[in-house]
Amino acid sequence: MSLKKVGLFAFLVAAIAAFFILDLGAYLTLESLKARQADLAILLDKRPLVIIGGFFLLYVATTALSLPGAVILTLAAGAVFGLWLGTLIVSFASAIGASLAFLSSRYVLRDWVKARFEKRIAAIDRGIEKDGISYLLTLRLIPAFPFFLINLAMGLTKMRLLTFHVVSQIGMLPGTLVFVNAGTQLAAIDSTGDILRPALIGSFVLLGLFPLIAKWIIGLVKQRRVYKKFRRPRRFDRNLIVIGAGAGGLVTAYIAAAVRAKVTLVEAGTMGGDCLNTGCIPSKALIRSARLAHDIRHADEFGMASAEPAVDFKAIMARVRGVIATIAPADSVERYTELGVDVRLGHATIVDPWTVEITDRDGGTQRLTTRSIVIAAGAEPAVPDIPGLAGAGFLTSDTMWDALATRDAVPRRLTIIGGGPIGTEMAQAFARLGSAVTQVEAGPRILSNEDEEVSIFIANILRGEGVDVRTGHEAVRCDGKSLIVKSGDAETSIAFDDIIVAVGRKARLSGYGLETLGIETGKTLIVDETLKTLYPNIFAVGDVAGPYQFTHVAAHQAWYAAVNALFGVFRTFRADYTVIPWTTFTDPEVAHVGHTVATAKAAGVAHDIVRYDLGHLDRAVAEGANKGFVTVLVPPGKDKILGVTIVAAHAGELLAEFVLAMKHGLGLGKILGTIHSYPTMAEANKYAAGEWKKANQPERLLRVVERYHRWRRK
Ligand SMILES: Cc1cc2nc3c(=O)[nH]c(=O)nc-3n(C[C@H](O)[C@H](O)[C@H](O)COP(=O)(O)OP(=O)(O)OC[C@H]3O[C@@H](n4cnc5c(N)ncnc54)[C@H](O)[C@@H]3O)c2cc1C
């Protein structure tokens, strides 16, 4: 806590302590007020401005310091100033005092509370952003909630001061009027309890519930408005229709069938979607062959003769297809039919919010009605508008597998546009298989979602393996089979035999009814935290919805979408993106979870960096895989993991321990206290935790222990 904060905190504590030590509360009782009412009236006659000003300040101070007595002061305002002037004074003084208490709480406590309860505060902040005004109004209107607690609690959220002030003043007005009015009849009041009779409390509660009821009604009206143009079927053929049988759609359909819903899954392309057919699986299969080629080239490091691998590219691509075929039954029509899913191979179009038209491969159509729809239509490669590119016969992750499958040889000169994970994985793999690869990236570094240190590390590895990594180079046009790139003002030409475009993937947002329904889209389909679109019965998951483009995130979202679509009338769940692992399958792999140094800095999250270098890890040395490191970000002086980056062989596997730890709030102490098999790569995690422990040794305690040992030697 900063010195200023400590000073303010000390002042507040001293002021509150003084109130109690000097027993000032004795003046803020009904009896004391009644006894002084006549004197106060005389004083007001003599010096009205001083009395009004003094009272105003006293009221502000009492509420700002959260002292008891505001009720008595409100009664006093009625007794001394009358209904209208009293209400005016109290209304402004109470709102200003509340805002000061709100500010004190925010200034002194928010950072501290935020650091300790990061996730909870983030969730509360999201709620406040969405519904804060109606919550605050409700709390203010119902006098059962202690106002001082509302001031302090709201200060811990990120509600804007002006919003808090205005809503508070409006919300407190009815109560102020009732109490000031009661003050005008002071003689008739024997206790403050007399003021709030059950009927009055009832009307306050109704008033307090009004914003919530109003919000609910507005929700219903909005809902009616979006559905207005459409006629809701009286009965439904299905509980759920899922569009797209990739990672997101398959898991959604699986969950729906598991809870015995009648579910139809529609796939226009190939079952399994991107990941199985053109994404994760073929790329990892290719990377495996490439690693073997690399190992053969470096066999001398392991006591064997190195050789230039005799790459049979056709056989490699056949293996890639074989791997897909081995996994495919898990995503097949047969398996899902057996699980109870009605699988349709065809193109789905949403006709209205409850009707999906399926056009099968023979052109036949069928319309099915459904209570809910989950869109899992995925994404497709983004292709930049580069003159001449189309004529150059470019490839993408969607087309390259088929296009290269029949080739006898690996592309001789391969240019890859894009320095993201896909471009980087492919650049290394093809270089290892023998292509002369040039990787072109317009930004200053490859793998820009990782820390700069990681980008440099991997770029150097790639360069060491012969990839011509050109960062800061913008692809400007194709001249036949040459790509013209620009760096600064200079243009250079890169000749290629094949060119792969890997500049990112864009959500599939057209051609299946979103436009007709007016479902909002940006870069992705717009959904709320429950994965709901504009239409409360239509949800979206996976690459089409974002915000991440990972198979594991699509599968994670699928649970939320399925449960919200089928059981949302009872309860809805918000997708949780707090702990998302990322892995790039270069060699060594790059994996991270939570904050990187760059994101922590950008978010203003205070952190220490713990680092362990693989050069010292026994297993890594034995494997000849001792290039890499583990970095862990922790809050200074605390055993909490903010983020981890691992650059190592099998980094994606090593990361799992940290993902689990972060998900369940375990710190490095727990990892250090866990037995890891020797010699394993996973020990790197434990040693990283050890580095943290070393840097956070209890020095004072160790000095005492040292003295104890010295004494024992005497
Ligand atoms: C080269 C590459 C490597 C990758 N590597 C990894 C990795 O290692 N790890 C990882 O986590 N992620 C990886 N990804 C990303 C991963 O593949 C995607 O995040 C994941 O497939 C998204 O799943 P999805 O269900 O959202 O979409 P998809 O898998 O794309 O499925 C969408 C399906 O919807 C179908 N469809 C679309 N519109 C309609 C319609 N109107 N009617 C019927 N069907 C329709 C499509 O045909 C498609 O099959 C990689 C991607 C690529 C391209």
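Here the structure is shown first, and the text comes after it.
Residues numbered from 1 in each chain as written. Predicted model: local features only at pLDDT ≥ 70, side-chain atom pairs only at ≥ 80, totals over all residues. Heavy atoms only, no water.

Quick look at the overall build of the protein chain
Right, so step 1: When helices and strands are tallied, the protein chain shows 25 helices and 20 strands.
Right, so step 2: In summary, the protein chain has a C-alpha radius of gyration of 33 Å against a globular reference of 27 Å for 714 residues, an excess of more than 25%.
Right, so step 3: Referenced to the eigenvectors of the C-alpha coordinate spread, the extents of the protein chain come out at roughly 105 × 90 × 55 Å.
Right, so step 4: Evaluated residue by residue, the protein chain yields a buried proportion of 45% over its 714 residues.
Right, so step 5: Sequence-distant contacts, at least 24 apart, represent 66% of the contacts inside the protein chain between residues at least 6 apart.
Right, so step 6: Just so you have it, the protein chain exposes about 35,800 Å², and 60% of that area is on carbon and sulfur atoms.
Right, so step 7: On the protein chain, the mean spot of the 78 positive side-chain charges and the mean spot of the 65 negative ones are 8 Å from each other. (Helix = DSSP H or I, 4+ residues; strand = E, 2+ residues; numbered from the N terminus. Rg over C-alpha atoms; globule rule 2.2 N^0.38 Å. Buried < 20%, exposed > 50% of the residue type's maximum accessible area, 1.4 Å probe, protein only. Contact = heavy atoms within 4.5 Å. Areas by Shrake-Rupley, 256 points an atom, 1.4 Å probe, with all protein chains shown as cover. Lys, Arg positive; Asp, Glu negative; His and termini not counted. Charge placed at Lys NZ, Arg CZ, Asp CG, Glu CD.)

A short note on helix H17 (residues 452-464)
Right, so step 1: Under the 1.5 Å per step criterion, the end-to-end length of H17 is 18 Å for 13 residues, consistent within 8% with the ideal 18 Å.
Right, so step 2: In this structure, the buried residues of H17 make contact with helix H16 (421-433), strand E8 (436-441), strand E9 (468-471), strand E17 (589-594), strand E19 (629-634) and strand E20 (643-648).
Right, so step 3: Of the residues one or two after H17, Gly 466 is the one with positive phi, at around 100°. (Expected span 1.5 Å × (residues − 1).)

Comments concerning helix H13 (residues 313-327)
Right, so step 1: An ideal rise of 1.5 Å per residue puts 21 Å on 15 residues; H13 measures up with 21 Å between its terminal C-alpha atoms.
Right, so step 2: Those residues of H13 hidden inside the fold are in contact with helix H11 (273-277), helix H12 (280-297), helix H15 (400-405) and H16.

As for the sheet that holds strand E7 (residues 413-417)
Strand-to-strand pairing in sheets goes through backbone hydrogen bonds, with the strands running parallel or antiparallel.
Right, so step 1: The parallel open sheet is built from 4 strands, whose spatial order is E9-E8-E7-E13. Only two strands of the sheet have a single partner each, and these edge strands are E9 and strand E13 (498-501). With strand direction ignored, the average angle separating the axes of adjacent strands in the sheet is 15°.
Right, so step 2: Note that E8 and E9 share 4 bridges and pair parallel. Opposite Val 440, over in E9, you have Arg 470 as the bridge partner.
Right, so step 3: Along the sheet face, H16 touches E7, E8 and E13 and points at about 165° away from the line of E8. (Pairing = 2+ DSSP bridges. Axes fitted to C-alpha atoms, helices over the stretch in contact; angles between N-to-C directions.)

Some points on a nonpolar patch on the surface
Right, so step 1: A contiguous nonpolar patch, built from Leu 85, Leu 88, Phe 92, Ile 96, Leu 100, Leu 103 and Leu 161 and spanning about 550 Å² of accessible area, is present on the exposed surface.
Right, so step 2: The greatest single-element share of the nonpolar patch, amounting to 6 residues, is contributed by helix H5 (residues 83-116).
Right, so step 3: Accessibility expressed as a relative area gives 34% for Leu 85, which makes it partly exposed. (Patch = residues over 30% accessible without salt bridge, like charges linked within 9 Å, V, L, I, M, F, W, Y side chains within 5 Å. Salt bridge = Lys/Arg side-chain N within 4 Å of Asp/Glu carboxyl O.)

Comments concerning the pairing of strand E12 (residues 490-495)
Walk down a regular strand and you will see the side chains alternate between the two sheet faces.
Right, so step 1: Judged from the 6 bridges that link them, strand E11 (residues 482-487) and E12 form a sheet pairing that is antiparallel. Pairing of Leu 483 across the sheet is with Ile 494, part of E12.

What about the state of the cysteines?
Right, so step 1: This model, assessed by the stated rule, comprises 1 disulfide.
Right, so step 2: Disulfide pairing places Cys 275 opposite Cys 280 at an S-S distance of 2.1 Å. One quick way to see it: the torsion about the S-S bond of Cys 275 and Cys 280 is about -130°, and its sign makes the bridge left-handed.
Right, so step 3: Looking at Cys 275, the relative accessible area reads 16%, which means it is buried. (Disulfide = S-S within 2.5 Å.)

Things to note about the site of the ligand
Right, so step 1: As a matter of local geometry, the ligand sits amid 36 residues, with Gly 248, Glu 267, Lys 284, Asp 543 and Thr 551 nearest to it.
Right, so step 2: Taking Glu 267, its side chain carries an N or O atom lying 2.6 Å from an oxygen atom of the ligand.
Right, so step 3: Protein chains shield 93% of the accessible area of the ligand, which is 990 Å² for the free molecule.
Right, so step 4: Sorting the residues of the shell around the ligand by element identifies helix H10 (247-258), strand E2 (263-267), H11, H12, strand E3 (342-352) and helix H19 (551-567) as the ones contributing at least two each. (Near = heavy atom within 4 Å. Polar contact = N/O pair within 3.5 Å; in protein donor to acceptor, adjacent residues only side chain to side chain.)

A word on the pattern of salt bridges
Right, so step 1: As enumerated under the stated definition, the model contains 24 salt bridges in all.
Right, so step 2: Between Arg 238 and Asp 342 there is a salt bridge, and its shortest N-O distance comes to 3.1 Å. Of the two residues, Arg 238 sits in strand E1 (residues 238-243) while Asp 342 sits in strand E3, which places them 104 residues apart along the sequence.
Right, so step 3: Judged by its relative accessible area of 23%, Asp 342 is partly exposed.
Right, so step 4: Measuring nitrogen to oxygen at the nearest pair gives 3.9 Å for the salt bridge that ties Asp 613 to Arg 611.
Right, so step 5: The class of Asp 613 is partly exposed, set by a relative accessible area of 32%.
Right, so step 6: Salt bridges sharing partners connect three or more residues here, namely Arg 126, Glu 529 and Arg 574.

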